[in-house]
Amino acid sequence: MRKRRILELCYLVGAALLVCAVGVGAFVVAKIRHVNPLWVFLGLISCGFFAFAREEYRGEFRSVRFLLFVFGWLVANVVVVVVVLGSLGWLYLIPALLLEQFFFYMTGHWLFGLQPPFHRRKDVGSENGK
């Protein structure tokens, strides 16, 4: 049990280092190729959104309809970031992304009957008697 926990911790640290290396590498390539780093930032935000959706709704990714839904939200995510940064500035980006995340969960609930992650965690905890 203890060896497994140490192994999982090593995987976690390795994954964090890999994410940092990919992020820094993306900005280095952008600098070398004379690409605006803002585009790299926007791409990384969208990759994070996709990874989050993939983790939260792992079983739903077998459905083509759900994949199209997530890719549609990726486009909406890019549009929100570009419009908010272009019009309002960095200060409004976090509230805008939180609002977009709220609409993502609500639309997923309305279209697919999916529970948001915070409801699912409460349900699991109450079933175990916690």
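Relevant structure appears above.
Here the structure is a predicted model, which means the values were calculated and not measured. (Residues numbered from 1 in each chain as written. Predicted model: local features only at pLDDT ≥ 70, side-chain atom pairs only at ≥ 80, totals over all residues. Heavy atoms only, no water.)

**Student:** Go over the nonpolar core with me, naming the residues and quoting the values.
**Tutor:** Inside soluble globular proteins, nonpolar side chains tend to come together where they are buried. Counting 13 residues, the largest nonpolar core has Tyr57, Phe66, Phe69, Val70 and Phe104 as the members making the most contacts within it. Contributions of two or more residues to this core are made by helix 2 (37-56), helix 3 (64-87) and helix 4 (93-112). No other element matches helix 3, which puts 5 residues into this core. Contact partners of Phe66, with chain neighbours within four places excluded, come to Tyr57, Glu60, Phe61, Phe112 and Leu114. Core analysis: the next-biggest nonpolar cluster, separate from the first, contains 8 residues, Leu42, Ile45, Val81 and Val84 among them. (Core = buried A, V, L, I, M, F, W, Y, C linked by side-chain atoms within 4.5 Å. Buried < 20%, exposed > 50% of the residue type's maximum accessible area, 1.4 Å probe, protein only. Helix = DSSP H or I, 4+ residues; strand = E, 2+ residues; numbered from the N terminus. Contact = heavy atoms within 4.5 Å.)

**Student:** Residues and numbers for helix 1 (residues 2-32), please.
**Tutor:** In this model helix 1 runs 45 Å from its N-terminal to its C-terminal C-alpha over 31 residues, within 8% of the 45 Å that 1.5 Å per residue would give. After helix 1 finishes, the residue His34 shows a positive phi value of roughly 60°. (Expected span 1.5 Å × (residues − 1).)

**Student:** Lay out the packing of aromatic side chains in plain terms, naming residues and giving numbers.
**Tutor:** Scanning the entire structure with this criterion turns up 17 aromatic pairs. Measuring from ring centre to ring centre gives 5.1 Å for Phe49 and Phe104, while their planes differ by 75°; the resulting arrangement is edge-to-face. On the criterion of sequence distance, the pair formed by Phe49 in helix 2 and Phe104 in helix 4 is long-range, its members being 55 residues apart. The exposure class of Phe49 is buried, given its relative accessible area of 6%. Three or more aromatic residues joined by ring pairs make a cluster, and in this case those are Phe49, Phe50, Phe52, Tyr57, Phe61, Phe66, Phe69, Phe71, Trp73, Phe104, Tyr105 and Phe112. When the ring centre of Phe61 is taken as reference, the NZ or CZ atom of Arg54 above it lies at 5.3 Å. (Phe/Tyr/Trp six-rings, centres within 6.5 Å; stacked < 30°, edge-to-face > 60°. Lys NZ or Arg CZ within 6 Å of the ring centre and 35° of its normal.)

**Student:** I'd like a description of the pattern of salt bridges, backed by residues and values.
**Tutor:** This structure, assessed with the given rule, holds 2 salt bridges. Two residues, Glu55 and Arg58, come together in a salt bridge whose shortest N-O distance is 2.7 Å. Exposure remark for Arg58: the relative accessible area of 48% places this residue in the partly exposed category. (Salt bridge = Lys/Arg side-chain N within 4 Å of Asp/Glu carboxyl O.)

**Student:** Could you give me a rundown of helix 2, with the residues and numbers involved?
**Tutor:** Spanning 20 residues, helix 2 covers 29 Å between terminal C-alpha atoms, matching the ideal 28 Å at 1.5 Å per step. Among all positions of helix 2, only Val40, Leu42, Ile45, Ser46, Phe49, Ala53 and Glu56 are buried.

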